[in-house]
Amino acid sequence: MKKLIVSLSIIACLFGLNSCKKEAEKPQWEQEVKNPIQKIDLVDISEKLYDPNVSMEDFKKDFPWFQGTVPDNVFVERRKDPEEIKIYKDAISKIDKAKLNKDLAALFSHIKTYFPNFKAPKVFLYSTAVYYESMLAPIFYKPEENYLFIDVSAFMGMDNKAYNGIDKYIQKSMNPSNIVPKVSMSFAEQMVPRKPTESKFIDELVYNGKIQILQDIFLPETPDFLKINYTKEQEEWNIANEFNIWNYFVENDYLFKSDPELAGRFIQPGPFSKFYTEIDKDSSPQVGVWTGWQICREYLAKNPNVKIPEFLNKNATDIFNGSGYKPKEIK
């Protein structure tokens, strides 16, 4: 494998040209959003949870399912917990609810444009004590009720004191700007079919690339780095190293291997990708997801008339072959 480009000065010089190139490769089949959703039903559960003027009876009446199996006496004490109240106030202070409503309405409008049966969910904001596990999955959807839940305590901003003990690579996508892209991804992941027979590395690349394509069409005004839970610097690293990442995959004959370890090295979240070279710690995580995204973009650029349902159901090998994906070396 040729040594990957890691010089920030080189990245800075080349990024302007390459970012324009990527920008020009937007899918040609984007549809106009007609009858956009103007406003969504957004409710802040924790605003009432921690309000001493809201009685237990009234809270239960509004949110009969929120308490779950927690005994009344424990729940009453939780409502008065100063640490939880502090976290909630910190978290909600960083969120512009009006803007979030507008942004979610735009997101749901785009989803409905491509998936007409989609119905905008009722959105609930809530806050919790900061637990590691809850920070990993701060957004979840209940299809039975069409409820979407967003844990605002997971978006207080990187390096927040409450996040001590949480890995920095996870904190990088715990900012208010990450809320809508993560909501979008939670729906995109549900809309990409996966076949149990698809076990090759190329299948992993394209499967994740399809999810990112839905991110493109659901969030056309959102920067790419937010769509993939990157920092700007991580996106720039990938753009500068695109040829070398691909060359590494090809030289090692990874594309058509069925090796679960490859997903752990290049698909799953982590602090960096694992090339097993001296540049690992400088690399961006999930370079396989990013590479699959570029393959799918190339395919759609060459096949602009392909409809979304058809594209999502296409075989990964067919998409790869039809893309002609072969990044050029930057010299």
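Here the structure is shown first, and the text comes after it.
Described in the following lines is the structure provided in the data block. Since we're looking at a predicted model, the values are computed, not measured.

1. Remarks on the nonpolar core
One finds Leu 104 and Phe 108 to be the most contacted residues of the largest nonpolar core, which totals 98 residues. Broken down by element, the residue count for this core peaks at ten residues, all from helix H10 (residues 201–218).

2. Points about the packing of aromatic side chains
A complete count under the given rule lists 35 aromatic pairs for this structure. Residues Trp 65 and Phe 66 carry aromatic rings whose centres are separated by 6.4 Å and whose planes lie at 65° to one another, so their mutual orientation is edge-to-face. You can call Trp 65 partly exposed: its relative accessible area is 33%. By relative accessible area, which is 18% here, Phe 66 ends up buried. Here the aromatic rings of Phe 124 and Tyr 147 are separated by 4.9 Å at their centres, their planes lie at 75°, and the arrangement is edge-to-face.

3. Brief notes about empty space enclosed by the protein
Applying the stated rule across the entire model yields one cavity of 30 Å³ or more. Here the largest cavity is characterised by a volume of approximately 30 Å³. Among the elements that make up the lining of the largest cavity, the one with the highest residue count is H10 (four residues).

4. Regarding the sheet that holds strand S1 (residues 42–44)
Note on sheets: strands pair through backbone hydrogen bonds, and any given pair is parallel or antiparallel. Ordered by their spatial adjacency, four strands build an open sheet running S1-S2-S4-S3, and the pairing between neighbours is mixed. Each edge of the open sheet is held by one strand with a lone partner, namely S1 and strand S3 (139–142). Taken pair by pair, the neighbouring strands of this sheet meet at an average axis angle of 20°, ignoring direction. With four bridges joining them, S3 and strand S4 (residues 147–151) adopt antiparallel strand pairing.

5. Let's talk about the layout of surface pockets
What the largest pocket holds in volume is close to 820 Å³. For the lining of the largest pocket, the secondary structure elements donating two or more residues are helix H7 (132–136), helix H8 (168–171), helix H9 (179–191) and H10. Residue contributions to the lining of the largest pocket peak at five residues, all from H10. Taken together, the residues of the lining of the largest pocket sort by class into 16 nonpolar, nine polar and five charged.

Cut-offs used in this document
Residues numbered from 1 in each chain as written. Predicted model: local features only at pLDDT ≥ 70, side-chain atom pairs only at ≥ 80, totals over all residues. Heavy atoms only, no water. Core = buried A, V, L, I, M, F, W, Y, C linked by side-chain atoms within 4.5 Å. Buried < 20%, exposed > 50% of the residue type's maximum accessible area, 1.4 Å probe, protein only. Helix = DSSP H or I, 4+ residues; strand = E, 2+ residues; numbered from the N terminus. Phe/Tyr/Trp six-rings, centres within 6.5 Å; stacked < 30°, edge-to-face > 60°. 1 Å grid on protein atoms, 1.4 Å probe; cavity = no way out; pocket = protein on both sides within 12 Å on 5 of 7 lines; lining within 4 Å. Points joined across faces, edges and corners; volume = space filled by probe spheres on them. Pairing = 2+ DSSP bridges. Axes fitted to C-alpha atoms, helices over the stretch in contact; angles between N-to-C directions. Nonpolar A, V, L, I, M, F, W, Y, C, P; charged D, E, K, R; others polar.

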